[in-house]
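Below are the chains, spelled out letter by letter.
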Amino acid sequence: MSQTRNNPPFPILRSLHRWCGLIVGVILLVAALSGSALAFKKPLIHSLVCPDASLPADYSPAHMLAQLEAIRQHGAYQPTTLIKAPNEKEPFWTLMDSGNTVLLHIDTLEPYRNNLWIIETLAFLHKLHVTLMAGLTGEILLLVAGIGGIGLCVTGLVIWWPGRRGFRWRWVFPKSIKSPLLLQYHRHSGAASALLTVVLLLTGSLMMWQIVVSPLLPKDPPTRVAAAVPARDHDATNVQAMFAQAVAEMPDGWPTYIRFGANERPDFSVRFRLPDEWHPNGRTSVIIERDSGDMLVSPRSDEASTARWLVNQLYPLHSGFGMGTLYSVAVFAGGLFMAWLAISGGWAYLRRRRLH
């Protein structure tokens, strides 16, 4: 026992684990706390901003079709606005433009005005979570921290493994926090949350890799569908006709994001969530070219290759959106565990330095 204490196993691995944690710990702490709050973004908005909102049982794309022109004439709409259609979890129209978000009543199209601070707060947390409020530099730091965090999970488990028989849940959920026991809390909490932490870090890192470095898979080419009417007779301003055309092309899909088109992106586009799709916003889209009237139809997500299917699941697995309440709670807990690991590890290191 004395020899084990004086000569702990894996000294190089322990040193690597410690210094990697000190380098990326603060970034992981910020990402973990902001991500935990965002895990309940939709319920928070629903309960605080529009608690009485609900999706009618018979609501369908036909109801959306009847309101599209009125939305385009709405005072909150701008040519660059991205529109999110109502759904069961978000029973209201959402207009997003240049960081501003406006929620419209599903029937009257009147904007909701209660507790708008929660929308602004969540928008701030989202930007903090995905860029650290530092643009591309923040994204690079998050990617590095995510990879470092995965390394921390692996090295931490290897270091913990020889003593795995001493695992106790009371160290994961202590009744009171005592500073001499910080490393015990850190080790046992890391072991208990390792799988969930790796899932969150891996999915987050892969999504950031897609943004900062390059896409994991090249985009599948869309299918061009010739216009139903000659280009000279095509009315490029009739958004209702184009929406109906897109819905007819994807009859089993639920419209999520709609863009009327403007400036450098003039084409009309609709994104669809297909039945039983994990991704809450779907990964299938129909684009209608303004000049020709032709449709560009992306491959259906439910017919994608295994590799493409896995890439499509990164966002729901990381955020919990579209995965049910139980998984959302797990994502929330995973964020808190990650934050606690950063705090307890850093705190234990500072305490050790002070004592020595």
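The present account deals with the structure reproduced in this document. (Residues numbered from 1 in each chain as written. Predicted model: local features only at pLDDT ≥ 70, side-chain atom pairs only at ≥ 80, totals over all residues. Heavy atoms only, no water.)

Turning to the overall build of the chain, a few remarks are in order. Scanning the chain for helices and strands turns up 12 helices and eight strands. In the chain, buried positions account for 40% of the 356 residues. With the model as given, the accessible surface of the chain reaches about 19,600 Å², and the carbon-plus-sulfur share is 62%. Both charge centroids of the chain, one from 32 positive and one from 24 negative side chains, sit 26 Å from each other. (Helix = DSSP H or I, 4+ residues; strand = E, 2+ residues; numbered from the N terminus. Buried < 20%, exposed > 50% of the residue type's maximum accessible area, 1.4 Å probe, protein only. Areas by Shrake-Rupley, 256 points an atom, 1.4 Å probe, with all protein chains shown as cover. Lys, Arg positive; Asp, Glu negative; His and termini not counted. Charge placed at Lys NZ, Arg CZ, Asp CG, Glu CD.)

This paragraph deals with the side chain of Ser-36. Checked against the element boundaries, Ser-36 lands in helix α2 (residues 11–38). Only 3.3 Å separates the side chain of Ser-36 from the backbone nitrogen of Leu-336, close enough to count as a polar contact. When near neighbours in sequence (up to four residues on either side) are disregarded, Ser-36 contacts Phe-332, Gly-335 and Leu-336. (Polar contact = N/O pair within 3.5 Å; in protein donor to acceptor, adjacent residues only side chain to side chain. Contact = heavy atoms within 4.5 Å.)

Now for the environment of Leu-201. The topology assignment puts Leu-201 in helix α8 (residues 182–212). Of the residues examined, Leu-201 reaches a relative accessible area of 7% and is grouped as buried. In this structure the C-alpha to C-alpha distance between Leu-201 and Met-133, which are 68 residues apart in sequence, comes to 19 Å. Dropping the residues within four chain positions of it, Leu-201 is found in contact with Leu-28, Gly-146, Gly-149, Ile-150, Cys-153 and Met-338.

Attention now goes to the sheet that holds strand β2 (residues 93–97). Strand order across the open sheet formed by eight strands is β3-β2-β1-β5-β6-β7-β8-β4, with antiparallel pairing between neighbours. Unpaired on one side and paired on the other, β3 (100–104) and β4 (223–225) mark the two borders of the sheet. Taken pair by pair, the neighbouring strands of this sheet meet at an average axis angle of 20°, ignoring direction. (Pairing = 2+ DSSP bridges. Axes fitted to C-alpha atoms, helices over the stretch in contact; angles between N-to-C directions.)

Looking now at the packing of α2 against helix α6 (residues 135–160). Contact geometry for α2 and α6: axes closest at 8 Å, N-to-C directions at 135°. With respect to each other, α2 and α6 are oriented oblique. Pair α2 / α6 crosses with left-handed handedness. Contacts between α2 and α6 pair Leu-13, Arg-14, His-17, Cys-20, Gly-21, Val-24, Ile-27, Leu-28 and Ala-31 from the former with Leu-141, Leu-142, Ala-145, Gly-146, Gly-148, Gly-149, Leu-152, Thr-155, Gly-156, Val-158 and Ile-159 from the latter. (Parallel < 35°, antiparallel > 145°, perpendicular 65-115°, else oblique. Left-handed = near helix turned anticlockwise from the far one by under 90°.)

Before going further, it helps to spend a moment on unusual backbone geometry. We note that Leu-132 has phi near 55°; this positive angle belongs to a residue other than glycine. Here Leu-132 shows up in the loop between α5 (117–131) and α6. The backbone phi angle of Asp-276 is positive, close to 65°, even though this residue is not glycine. Tracing the backbone through its elements, the reader meets Asp-276 in the loop between β6 (268–273) and β7 (284–288).

Within the largest apolar cluster, 28 residues are counted, with the highest numbers of intra-cluster contacts made by Ile-83, Trp-93, Phe-243, Ile-258, Phe-260 and Phe-268. Looking at this core, the elements with two or more residues in it are α4 (61–72), β2, α9 (239–249), β6, β7 and β8 (295–297). Here this core gets five residues from one element, more than from any other, and that element is α9. When residues no more than four places from it in sequence are discounted, the contact partners of Ile-83 are Ile-71, Tyr-77, Trp-93, Thr-94, Leu-95, Thr-256, Tyr-257, Ile-258 and Phe-260. Among the nonpolar cores identified, the runner-up in size contains 19 residues, and Val-24, Leu-142, Leu-152 and Cys-153 belong to it. (Core = buried A, V, L, I, M, F, W, Y, C linked by side-chain atoms within 4.5 Å.)

With that settled, the discussion passes to the pattern of salt bridges. Taken as a whole and assessed by the stated rule, the structure comprises nine salt bridges. Of the charged contacts, one joins Arg-224 and Asp-294 as a salt bridge, the two residues approaching to 3.1 Å between their closest N and O atoms. Remark: Asp-294 occurs in the loop between β7 and β8 and Arg-224 occurs in strand β4; sequence separation between them is 70 residues. Here Arg-224 falls in the partly exposed class, since its relative accessible area comes to 47%. In this structure, Glu-303 and Arg-300 form a salt bridge, with 3.9 Å as the shortest nitrogen-oxygen distance. (Salt bridge = Lys/Arg side-chain N within 4 Å of Asp/Glu carboxyl O.)

A word on the packing of aromatic side chains. All chains considered together, the criterion is met by 14 aromatic pairs. Here Tyr-77 and Phe-260 contribute two aromatic rings whose centre-to-centre distance is 5.4 Å and whose plane-to-plane angle is 55°, an arrangement assigned as tilted. Remark: Phe-260 occurs in the loop between β5 (254–259) and β6 and Tyr-77 occurs in the loop between α4 and β1 (82–84); sequence separation between them is 183 residues. Judged by relative accessible area, which is 12%, Tyr-77 ranks as buried. The class of Phe-260 is buried, set by a relative accessible area of 1%. Measuring from centroid to centroid gives 6.2 Å for Trp-171 and Tyr-185, while their planes differ by 45°, and the two rings are tilted. One end of the pair, Trp-171, is in helix α7 (residues 169–172); the other, Tyr-185, is in helix α8, and 14 residues separate them in sequence. Assessed through its relative accessible area of 16%, Trp-171 is described here as buried. Given a relative accessible area of 2%, Tyr-185 falls into the buried group. In textbook terms, an aromatic cluster arises when at least three aromatic residues are bridged by ring pairs, as seen for Trp-160, Trp-161, Phe-167, Trp-169, Phe-173 and Phe-337. One Lys or Arg, Lys-42, reaches over the ring of Phe-321 and ends 5.0 Å from the middle of that ring. (Phe/Tyr/Trp six-rings, centres within 6.5 Å; stacked < 30°, edge-to-face > 60°. Lys NZ or Arg CZ within 6 Å of the ring centre and 35° of its normal.)

A few words now on the pairing of β7. Only one face of β7 is covered, namely the face carrying Thr-284, Val-286 and Ile-288; the face carrying Ser-285 and Ile-287 is uncovered. With five bridges connecting them, β6 and β7 associate as antiparallel partners. Its bridge partner being in β7, Phe-272 is matched across the sheet by Thr-284. By the bridge criterion, three bridges tie β7 to β8 in an arrangement that is antiparallel. Paired with Ile-288 across the bridge in β8 is Met-295. What sits between the antiparallel neighbours β7 and β8 is a turn of six residues, in which Gly-293 has the positive phi angle 85°.

What is shown is where atoms sit, not what they do.
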